[in-house]
Amino acid sequence: MKVLSVVGARPQFVKLAPIAHEAARRGVEHTIVHTGQHYDPMLSDVFFEDLQIPAPAVHLGVGSGSHGRQTGQMLAALDDVLDTHVPDWVLVYGDTNSTLAAALAAVKQHVPVAHLEAGLRSFNRRMPEEHNRVLTDHAADLLLAPTQGAMDHLAAEGLAPRAVLVGDVMTDVLLRVRDQVAGAVPPLLAEQSLEPGGYYLATIHRAESTDDPARLAAILASLAELDAPVVLLAHPRLVARSRDAGIALERGVLRPHTSLPYPELVAAASQARGIVTDSGGLQKEAFLLRTPCTTVRTETEWVETVELGWNVLAEPGPELVAAAQRPRPADTEATPYGDGAAAARVLDALAAPPTA
Ligand code: UD1
């Protein structure tokens, strides 16, 4: 079996890691294609190094651009890649423009497509990621769902016959890295003179948060008011948009900081008093680490984190401040994201898909 994984953005490198390891363990031929959507070393190379992912066989070097230009360049370039490698499966991850481009390129060439993290829905049609995931699910031949909720969404759209519940591959990585960093002082704490439980960690990068200057200013003003230092891990989009809008990142308790390598992020997140984010992955990582999370969005794909009390959706302003400073919720033993062995189920499903 020849599997060709297409990745391009930071969260996809995390999801790729357990798949690459499991493929290697089983002797499955696995080719990695990097679209180049994320090209900063801190958003890309460090993930390959820290998570011991083999270097991509192909790098498309597409880089930034409007959605149409970025997606279109990937689509065009992938034609030749598929001609050269002739895989049995193209495996696509999550909901980025790289996901959609690879799914389209493959179906046009009649190469079977498997979508990892299928069935997630925000039902917010303003989000580019929502279109990417819906279109990818409907194009794909095999839908690898992380949760029962995702399976239910796929069934509601008539896609149940192609769906398999595999669990969440990010959980595989998180649990492994959590155990690796346990007991050590997170480098961020020493560098910033922070105490365990005495700071918040924040990330804000989605277009809905960054591209409207009034909303961006309101989010940053709320973060700056919290009752402990807030380390703001600044994505390039946040840095660019705040600079364009003339909004300062450094004020109040806010401490802007470059993005962290994955093991350092996990260590810093596990010791934080709370996390404030608009990221999908970090909401779930916060839950798995049992760090209270506040999500600056009106909806989430990871509803289990909210239902179990570990994540609160809040709008900027007093609501966000109160949510971030709320007391710790009651502990839970729930495992809605699986047991950390999702990658093995992904490889099993590729070897014997339900429609075969
Ligand atoms: C993308 C994904 C999003 C995912 C996120 C993780 C889409 C539509 N969105 O959003 O689902 O959660 O990645 O980070 O695919 N930039 C750099 N250096 C880089 C990459 C980007 O400076 O290495 C800047 C560019 O100015 C670019 C902006 O960041 O315009 C946004 O990058 P883009 O790839 O469009 O999407 P993200 O916001 O990162």
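Above this note sits the structure.
Draft legend 1. Broad picture of the overall build of the protein. A tally of regular secondary structure across the protein gives 16 helices and 13 strands. Whereas a compact globule of 356 residues would reach a radius of gyration of roughly 21 Å, the protein reaches 20 Å, a difference of no more than 12%. C-alpha extents for the protein along the principal axes are approximately 55 × 45 × 40 Å. Looking at the protein as a whole, 56% of its 356 residues qualify as buried. With the model as given, the accessible surface of the protein reaches about 13,900 Å², and the carbon-plus-sulfur share is 54%. Charge centroids of the protein, computed over 28 positive and 43 negative side chains, lie 2 Å from each other.

Draft legend 2. Highlighting the site of the ligand. As a structural note, the neighbourhood of the ligand is formed by 19 residues, with Gln37, His38, Tyr39, Asp40 and Arg237 the closest of them. Interatomic distance of 2.9 Å between a backbone N/O atom of Asn97 and an oxygen atom of the ligand. Between the ligand and the protein, one listed contact pairs an oxygen atom with a side-chain N or O atom of Arg237 at 2.8 Å. Relative to its unbound accessible surface of 740 Å², the ligand loses 88% to contact with the protein. Taken together, the elements giving at least two residues each to the shell around the ligand come down to α1 (10–26), α3 (67–85) and α11 (236–245). Looking at the shell around the ligand, its residues break down into five nonpolar, nine polar and five charged.

Draft legend 3. Structural view of the sheet that holds strand β11 (residues 274–277). Strand order in this open sheet of six strands is β10-β9-β8-β11-β12-β13, and the pairing throughout is parallel. Both outer strands of the open sheet, β10 (254–258) and β13 (311–313), are each paired with one neighbouring strand and no more. When strand polarity is set aside, the average angle formed by the axes of neighbouring strands in this sheet is 20°. Direction of pairing for strand β8 (residues 200–203) relative to β11: parallel, over a ladder of four bridges.

Draft legend 4. Structural context of the pattern of salt bridges. On inspection of all chains with the given rule, the structure shows 19 salt bridges. Of the charged contacts in the structure, one is a salt bridge between Arg25 and Glu22, with a shortest N-O distance of 2.9 Å. Taken as a pair, Arg25 and Glu22 lie in helix α1 at a separation of three residues, close to a single helical turn. A relative accessible area of 63% means that Arg25 is categorised as exposed. A salt bridge links Arg26 to Asp348; its shortest N-O distance comes to 2.7 Å. With a gap of 322 residues between them, Arg26 in helix α1 and Asp348 in helix α16 (residues 342–351) connect regions that are remote in the sequence. Arg26 sits in the partly exposed class, given a relative accessible area of 32%. Several salt bridges converge on common partners, so that one network encompasses Asp95, Glu130, Arg133, Arg297, Glu299 and Glu301.

Draft legend 5. Up close: unusual backbone geometry. Unlike most non-glycine residues, Gln52 shows phi in positive territory, near 50°. The topology assignment puts Gln52 in the loop between α2 (45–50) and β3 (58–59). The class for Gln52 is exposed, based on a relative accessible area of 57%. Of note in the backbone geometry, Val86 takes a positive phi value of approximately 40° without being a glycine. Note that Val86 resides in the loop between α3 and β4 (89–93).

Rules used throughout
Here the residue index of a chain counts from 1 through its sequence in written order. Note on the predicted model: pLDDT of at least 70 is required for a residue's local features to be given, and 80 or more for side-chain atom pairs to be given and counted; whole-chain, interface and lining totals, by contrast, use all residues. The side-chain numbers reported here are obtained from all heavy atoms of the structure, hydrogens and water having been left aside. Each helix corresponds to a stretch of at least 4 residues labelled H or I by DSSP, and each strand to a stretch of at least 2 residues labelled E; elements are numbered beginning at the N terminus. In this setup the radius of gyration rests on C-alpha atoms only. A globule is expected at 2.2 Å times the number of residues raised to 0.38. Think of it in three bands: with a 1.4 Å probe and only protein chains considered, a residue is buried below 20% of the maximum accessible area for its type, exposed above 50%, and partly exposed in between. Surface accessibility in these figures is a Shrake-Rupley result with a 1.4 Å probe; residues are shielded only by whichever protein chains are displayed. Two residue types count as positive, namely Lys and Arg, and two as negative, namely Asp and Glu; His and chain ends fall outside the count. Lysine's charge is taken at NZ, arginine's at CZ, aspartate's at CG and glutamate's at CD. It suffices for a single heavy atom of a residue to lie within 4 Å of a molecule or strand for the residue to be listed as near it. By the criterion applied in these results, polar contacts are pairs of N or O atoms within 3.5 Å in which, for protein atoms, one can donate a hydrogen and the other can accept it, and in which residues neighboring in sequence qualify only through two side-chain atoms. Charged means Asp, Glu, Lys or Arg here, nonpolar means Ala, Val, Leu, Ile, Met, Phe, Trp, Tyr, Cys or Pro, and polar covers whatever is left, Gly included. Strand pairing is assigned whenever DSSP detects at least two bridges linking the two strands. Lines fitted to the C-alpha atoms define the axes, with helices restricted to the stretch that makes contact. Angles between their N-to-C directions range from 0 to 180 degrees. Within this document, salt bridges are pairs made up of a side-chain nitrogen of Lys or Arg and a carboxyl oxygen of Asp or Glu, the two lying within 4 Å of each other.

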